[in-house]
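Commentary on secondary and tertiary structure
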Amino acid sequence: MTSPPDPAPPQSGGPIQAGHVPDDLLQLAGRMADATGEICRRHFRQPLAIDSKADESPVTIADRTCEQALRRILAEERPDDSIIGEEFGASEGSSDLTWVLDPIDGTKQFISGKPLFGTLIACWRGHTPLLGVIDHPAMGERWLGALGRPTTLNGIPVHVAAGDEDLSRTIIHAGDPAMFSGEAQAAGFARLAGAVSAVVYGGDCYNYGLLASGHVLLCVDARLKPYDFAALVPVVTGAGGCITDWSGDPLTLASSGDVVAAAAALHGAALARLSAGRVVGNPA
């Protein structure tokens, strides 16, 4: 399967300026996704040994090999940058950039032979998300979001659906019902789930790519790690959507990981349910 084309960047590379992500970072992110896509496709639907991590979540050689490939590329091309990765933890750099890596988001999908797994690659400067990649190698779909540029799917700009705030006609897309087991998360999610037409579980990062393309209207997750949501932020916002924590505050790498994403009006309506009785921030 051929890799999705890199977008034709309108600007030249150089130092990061306000509202501008240099082309060389975008091209690097594309090469990183190409490398992991090749590894994922080589292992997908093949016999694999499945190990359990400390939190009892599954991990395979594909997860580890993908992250090792990403780290090798960064060591060669961006040796001064920091890295946060799901499989091999954090490494401190001397620059102000941090790469956040989830080599296979949706490992359960991957080991089950379902093509909805993806690789997440993000680059942040402090609390500012510069770029994010949601790459689905089994399906040949790659979303790229970058500060100051429209989000693209395989190089073509996409946008969230223009909708109203009527929750009663809306489907929630969420990763796993178990993530709402905490008292606060369970109460907030129950209020929202009682107002919508249905809740669909599964899909992981694919839900957010589909939201950016206007197919999914509302994504809600809880207790995600930075490597789960860091790439989603620029993809959703670059497509005209809102993505915040459940209080309406911007997501940062220190956020708790309670995430809600939608077009602006629907996002506000969802926040009102998730945070009933609390003063929420402004998602705009």
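Residues numbered from 1 in each chain as written. Predicted model: local features only at pLDDT ≥ 70, side-chain atom pairs only at ≥ 80, totals over all residues. Heavy atoms only, no water.

**Looking at the packing of aromatic side chains**
This structure, assessed with the given rule, holds 6 aromatic pairs. Look at Phe 44 and Phe 110: their rings are 5.7 Å apart centre to centre, the planes differ by 35°, and that puts the pair in the tilted class. Pair noted here: Phe 44 is in the loop between α1 (23–43) and β1 (51–52) and Phe 110 is in helix α3 (residues 107–111), with a separation of 66 residues, a long-range link. Accessibility classification places Phe 44 together with Phe 110 in one group, the buried group. Between the aromatic rings of Trp 143 and Tyr 206, the centroid separation amounts to 5.8 Å while the plane-to-plane angle is 70°, which identifies the pairing as edge-to-face. Of this pair, Trp 143 sits in strand β8 (residues 141–146) while Tyr 206 sits in helix α5 (residues 206–212); the two residues are 63 residues apart in sequence, bridging distant segments of the chain. (Phe/Tyr/Trp six-rings, centres within 6.5 Å; stacked < 30°, edge-to-face > 60°. Helix = DSSP H or I, 4+ residues; strand = E, 2+ residues; numbered from the N terminus. Buried < 20%, exposed > 50% of the residue type's maximum accessible area, 1.4 Å probe, protein only.)

**A closer look at the pattern of salt bridges**
Applying the stated rule across the entire model yields 8 salt bridges. Measuring nitrogen to oxygen at the nearest pair gives 2.7 Å for the salt bridge that ties Asp 23 to Arg 149. Of this pair, Asp 23 sits in helix α1 while Arg 149 sits in strand β9 (residues 149–153), and the two are 126 residues apart along the sequence. Note on Asp 23: relative accessible area 6%, which makes it buried. For Arg 78, the salt bridge is made with Asp 81, and the minimal N-O distance between the two is 2.7 Å. Take Arg 78: its relative accessible area is 26%, and that puts it in the partly exposed class. In this structure Asp 81 comes out as buried when scored by relative accessible area, which is 6%. Several salt bridges converge on common partners, so that one network encompasses Asp 34, Asp 135 and Arg 142. (Salt bridge = Lys/Arg side-chain N within 4 Å of Asp/Glu carboxyl O.)

**A short note on the environment of Ser 57**
Of note, Ser 57 is situated in the loop between β1 and β2 (58–59). Taking the C-alpha atoms as reference, Ser 57 lies 14 Å from Arg 223; in sequence the two are 166 residues apart. In this structure Ser 57 touches Asp 51 and Ser 52, once residues within four positions along its chain are discounted. (Contact = heavy atoms within 4.5 Å.)

**Points about the pairing of strand β5 (residues 97–105)**
Within β5, 9 of the 9 residues are buried, leaving the element largely enclosed by the surrounding structure. In the sheet, strand β3 (residues 82–85) pairs with β5 via 4 bridges, with the strands oriented parallel. From the neighbouring strand, Ser 82 faces β5, where its bridge partner is Thr 98. Sheet topology note: the β5/strand β6 (residues 118–125) ladder contains 7 bridges and is antiparallel. The partner of Asp 102 across the bridge, within β6, is Leu 120. (Pairing = 2+ DSSP bridges.)

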